[in-house]
Amino acid sequence: MIRTFSSIDVMYLVAAARWTLALTATAFCGSALLGLVLAIARISPIAPLRWLVAAYIYVVQGTPLLVWLFVIFFGLPLLGVSVNPWLAAAIAFSVYGSAFLGEIWRGALISIARTQWEAAASLGMSMSQQLRYIIIPQSVRIAIPPTVGFLVQLIKNTSLAATIGLVELTREGQLTAAGTYMPFAVFTTVACIYFVMCFPLTQWSRSLERKLDVAR
Amino acid sequence: MSLVDIQAISKSYGSLPVLKDVSLGVAKGEVVAVIGRSGSGKSTLLRCINGLEPIQAGTITVDGVRVNDPKTDLRKLRQEVGIVFQSFNLFPHLSVCENITLAPRVVRKQSPDAAREVAREVLHRVGLEEKLDAYPSQLSGGQQQRVAIARSLAMRPKVMLFDEVTSALDPELTGEVLKVLEAGAGSGRPGGHDHDPRHPRDGLRASVRLARRLHA
């Protein structure tokens, strides 16, 4: 039965956007935790660890996120591990995000002068103390703008989770379009909702970049 | 027995020999100036003493502890060997007080109050008590270098190494740093070097020429 695209449908889309935000938040936390470990492992003095992490990052960055979603959602059940769409999406986006955040943050860490490490080491600080008190606090300023930029990408990329049946904003849009037969109006509305979520972050990222430039 | 005992050390960066068969003994309370041309290995020698650079042959012993022994805890050793760098290397994100108290707090586990007391005392010795809450960027070069000296002194090291501490300063500013160094020589902390021949004045009891040994 074809119904018309009404304000109640818009409300449903906005409600579905909550799942987009929830998936983004979960994926960002997973990416951040794993990404921090990867970034530190990439600058560790242990060479095999660096190679291993570099290989992980190259593989993840060199393969489509959509394929990871399919591998985890359709592949894991074949191995006897059942995953629901939410868990599959959370894992896939965390894996994907960790590789990118890991590289962004590694760049921020190595941008801090070698002499800062040496000064801290010369005062008897351990490697972890040097990172915690000297290197990470200074690299955060450098890392924030690209990290916010990554967050915007992540919000938009969560739309791929629609392909495994997770009812977030894009999937809700598909369902609404199928019911109303008004794909143009529906997906324009969907695009507007994405824009409203991403635009403030983009602006924030820009202003942070400007502030950093002034500080230099 | 010498507090710092260097026996026939050799050091090269890749295929470039920097130190060849260098020996030196420094007694407690003694001030030694290491002089030599640019590139003769003065900085390298100092960086070997606190283990920032590995050596290929010979032995370095500081207060009975072998520096180039894999079993030696370099963190422990560096608590006893302060170094002040040519380029100050203050931590730009921390105030003067935090720069000075960080290592005593996290490495020596002093209470914040005790560490702040020590900070006041060492800042008084370098004549900068009023800069306790300033940030490095608000200080002149000479003031920054005096804070760097205070930061090292706060760890109460047995040995102080000064790596051309005035060479990055304007001639008008070197005086204030030299005054601090001369006052420090009387307090029983040996060490130091500079290629400025005016620099090691009254406190000087021995000087070592490195130039001859190079590229032999």
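What this report covers is the structure whose coordinates are included nearby. (Residues numbered from 1 in each chain as written. Chains lettered and ligands numbered in written order. Predicted model: local features only at pLDDT ≥ 70, side-chain atom pairs only at ≥ 80, totals over all residues. Heavy atoms only, no water.)

## Some words on the interface of chain A and chain B
Turning to step 1, where the next piece is worked out: Between chain A and chain B, the residue contacts involve 16 residues of the former and 22 residues of the latter.
Turning to step 2, where the next piece is worked out: Both faces considered, chain A and chain B share a buried interface measuring about 1600 Å² in area, 63% of it formed by carbon and sulfur atoms.
Turning to step 3, where the next piece is worked out: Together, Glu118, Ser122 and Leu123 of chain A form the three largest contributors to the area buried by chain A at its contact with chain B, with a combined 35%.
Turning to step 4, where the next piece is worked out: For the pair chain A and chain B, the interface holds 1 salt bridge. (Contact = heavy atoms within 4.5 Å. Buried area = accessible area lost by both parts, 1.4 Å probe. Salt bridge = Lys/Arg side-chain N within 4 Å of Asp/Glu carboxyl O.)

## Re the state of the cysteines
Formally, a disulfide is one covalent bond, and it connects the sulfur atom of one cysteine to the sulfur atom of another.
Residues and elements named next belong to chain A.
Turning to step 1, where the next piece is worked out: Counted by the stated rule, this structure contains 0 disulfides over all chains.
Turning to step 2, where the next piece is worked out: Take Cys198: it sits in no disulfide, and the sulfur closest to it among the cysteines is that of Cys192, at 12 Å.
Turning to step 3, where the next piece is worked out: The class for Cys198 is buried, based on a relative accessible area of 7%. (Disulfide = S-S within 2.5 Å. Buried < 20%, exposed > 50% of the residue type's maximum accessible area, 1.4 Å probe, protein only.)

## Here's the deal with the pairing of strand E4 (residues 57-62) of chain B
Residues and elements named next belong to chain B.
Turning to step 1, where the next piece is worked out: Two strands pair when backbone bridges link them, and strand E1 (residues 4-13) and E4 are joined in this way by 5 bridges, in the antiparallel orientation. Each bridged residue has a counterpart across the sheet, and for Gln7 the counterpart in E4 is Thr59.
Turning to step 2, where the next piece is worked out: In the sheet, E4 pairs with strand E5 (residues 65-66) via 2 bridges, with the strands oriented antiparallel. For Val62, the partnering residue across the bridge sits in E5 and is Val65.
Turning to step 3, where the next piece is worked out: Counting the residues that bridge the hairpin from E4 to E5 gives 2 residues, and of these Asp63 lies at a positive phi of roughly 50°. (Pairing = 2+ DSSP bridges. Helix = DSSP H or I, 4+ residues; strand = E, 2+ residues; numbered from the N terminus.)

## Remarks on the packing of aromatic side chains
Residues and elements named next belong to chain A.
Turning to step 1, where the next piece is worked out: This model, assessed by the stated rule, comprises 6 aromatic pairs over all chains.
Turning to step 2, where the next piece is worked out: Taking 5.0 Å as the distance between ring centres and 70° as the angle between the ring planes, the aromatic pair formed by Phe73 and Phe74 counts as edge-to-face.
Turning to step 3, where the next piece is worked out: Measuring from ring centre to ring centre gives 5.0 Å for Phe195 and Phe199, while their planes differ by 20°; the resulting arrangement is stacked. Of this pair, Phe195 and Phe199 both sit in helix H8 (residues 183-215), 4 residues apart, which is roughly one turn of that helix.
Turning to step 4, where the next piece is worked out: Clustering of aromatic rings is evident, with ring pairs tying together Phe70, Phe73 and Phe74. (Phe/Tyr/Trp six-rings, centres within 6.5 Å; stacked < 30°, edge-to-face > 60°.)

Coordinates in, geometry out; function isn't part of it.
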